[in-house]
Amino acid sequence: MSHTQATPAPTRLQRSELAVPGSNPALFEKALNSAVDYVFLDLEDAVAPGDKEQARVNVIQALLDLDWRGAGKTISVRINGLDTHYMYRDVVDLMEQAGDRLDTILIPKVGVPSDVYMVEAMVNQIEQGKGFETRVGLEALIETALGMANVEAIAAYGGRLEALHFGVADYAASNRARTVNIGGLNPDYPGDQWHFALSRMTVACRAYGLRAIDGPFGDFKDPDAYRAAARRAAALGIEGKWAIHPSQIELANEIFSPPEAEVDRARRILKELEIAAAEGRGAAAVDGKMIDAASARMAENVVRLAEAIAGRG
């Protein structure tokens, strides 16, 4: 292990993340009562320009009126982009009026580390000025060619940054990629054309202690394709995926939860290695397969996730 190691971001269960338009408050309580782990109230792409200011008012009221944490939800807000005049007022109003009710702020279209710095500087000052004892985390959407070209530097930023999300739709547009639907596969490509981007972002996250989250899948009437996309992401180390429709919540929870058999095997691995260590051996066997210290680290990841899911339940 390198002597240089990043401090891990706070642990948050993030198997499923529901996007809820800030302009549609009728959906807020439904999100609160759903089985989703994470909710982000959206002020950006899901809100028309003429509705931006009212959506901000709606979101702040929802943060004040609804007990998101009591319902076991992590609550986040996606602000508008740094290239818009809505962004500064999003941060100021959210933080000043409801900063102690907010878990994270999701920053869209992050291209360089200084994009994160700008939001963090504002959050720092407002939090101090208001005397909040809570600490709002930041998450960054990697959804442009510029963001992916700088993803390692963004991940290394540190500070309040907790997670990176892959925004496939804007990423496709930024790269002028031909795609059939949001997150779907182009049959002309021999495999998954999002594999490189997801893998690169995930490696950057793991190198610097961040959570790695996959973004939306547009065809909510095709659960099998959603499951397939989620499984591919999970195989790379991604720990959760967006749901743009309530029907996708259970799909994400299913795919990003370790099966009971996998958890049982992980516990057996840890037990057998504990016995081996007591006997002065560095390796052991489970189900006829060799296990060692690397096996223990993988098993610990599975057990920790299972315990977090059980704790939420």
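Residues numbered from 1 in each chain as written. Predicted model: local features only at pLDDT ≥ 70, side-chain atom pairs only at ≥ 80, totals over all residues. Heavy atoms only, no water.

*Asks:* I'm lost on the packing of aromatic side chains in this one. Help?
*Replies:* Two aromatic rings are characterised by how far apart their centres lie and by the angle between their planes. Inspection of every chain in the model, using the stated rule, returns three aromatic pairs. Ring centres of Phe 166 and Tyr 171 lie 5.1 Å apart, and the angle between their planes is 65 degrees; on these two criteria the pair is classed as edge-to-face. Both residues of the pair, Phe 166 and Tyr 171, belong to the buried class. Each ring, one from Phe 217 and one from Tyr 226, has its centre 6.2 Å from the other, and the planes form 90 degrees; the classification is edge-to-face. Tyr 226 matches Phe 217 in its accessibility class, with the two residues each being buried. (Phe/Tyr/Trp six-rings, centres within 6.5 Å; stacked < 30°, edge-to-face > 60°. Buried < 20%, exposed > 50% of the residue type's maximum accessible area, 1.4 Å probe, protein only.)

*Asks:* I'm lost on the nonpolar core in this one. Help?
*Replies:* In summary, soluble globular proteins display a tendency toward joint burial of nonpolar side chains. Core analysis: the biggest nonpolar cluster contains 69 residues, and Leu 41, Leu 63, Trp 68, Ile 105, Leu 164, Phe 166 and Met 201 have the highest contact counts within it. With six residues, the single largest contributor to this core is helix α3 (residues 87–98). The residues contacting Ile 105, other than those within four sequence positions of it, are Ser 76, Val 77, Ile 79, Met 95, Val 123, Val 136, Gly 137, Leu 138 and Glu 139. (Core = buried A, V, L, I, M, F, W, Y, C linked by side-chain atoms within 4.5 Å. Helix = DSSP H or I, 4+ residues; strand = E, 2+ residues; numbered from the N terminus. Contact = heavy atoms within 4.5 Å.)

*Asks:* Before we go on, may I ask you to explain the environment of Gln 61 in this structure?
*Replies:* Relative to the elements of secondary structure, Gln 61 occurs in helix α2 (residues 52–65). Taking the relative accessible area as the measure of exposure, Gln 61 reaches 41% and is therefore partly exposed. Taking C-alpha positions, Gln 61 is 34 Å from Met 201, a pair spaced 140 residues apart along the chain.

*Asks:* What should I look at first to understand the side chain of Glu 17 in this one?
*Replies:* Within the secondary structure, Glu 17 is located in strand β1 (residues 16–21). As a buried residue without a salt bridge, Glu 17 has its nearest oppositely charged side chain in Arg 211, at a separation of 7.3 Å. For Glu 17, the contacting residues outside a window of four places in its chain are Val 36, Tyr 38, Phe 40, His 165, Ile 213, Lys 241, Trp 242 and Ala 243. (Lys, Arg positive; Asp, Glu negative; His and termini not counted. Salt bridge = Lys/Arg side-chain N within 4 Å of Asp/Glu carboxyl O.)

Everything listed here is a matter of geometry and, on its own, says nothing about what the molecule does.
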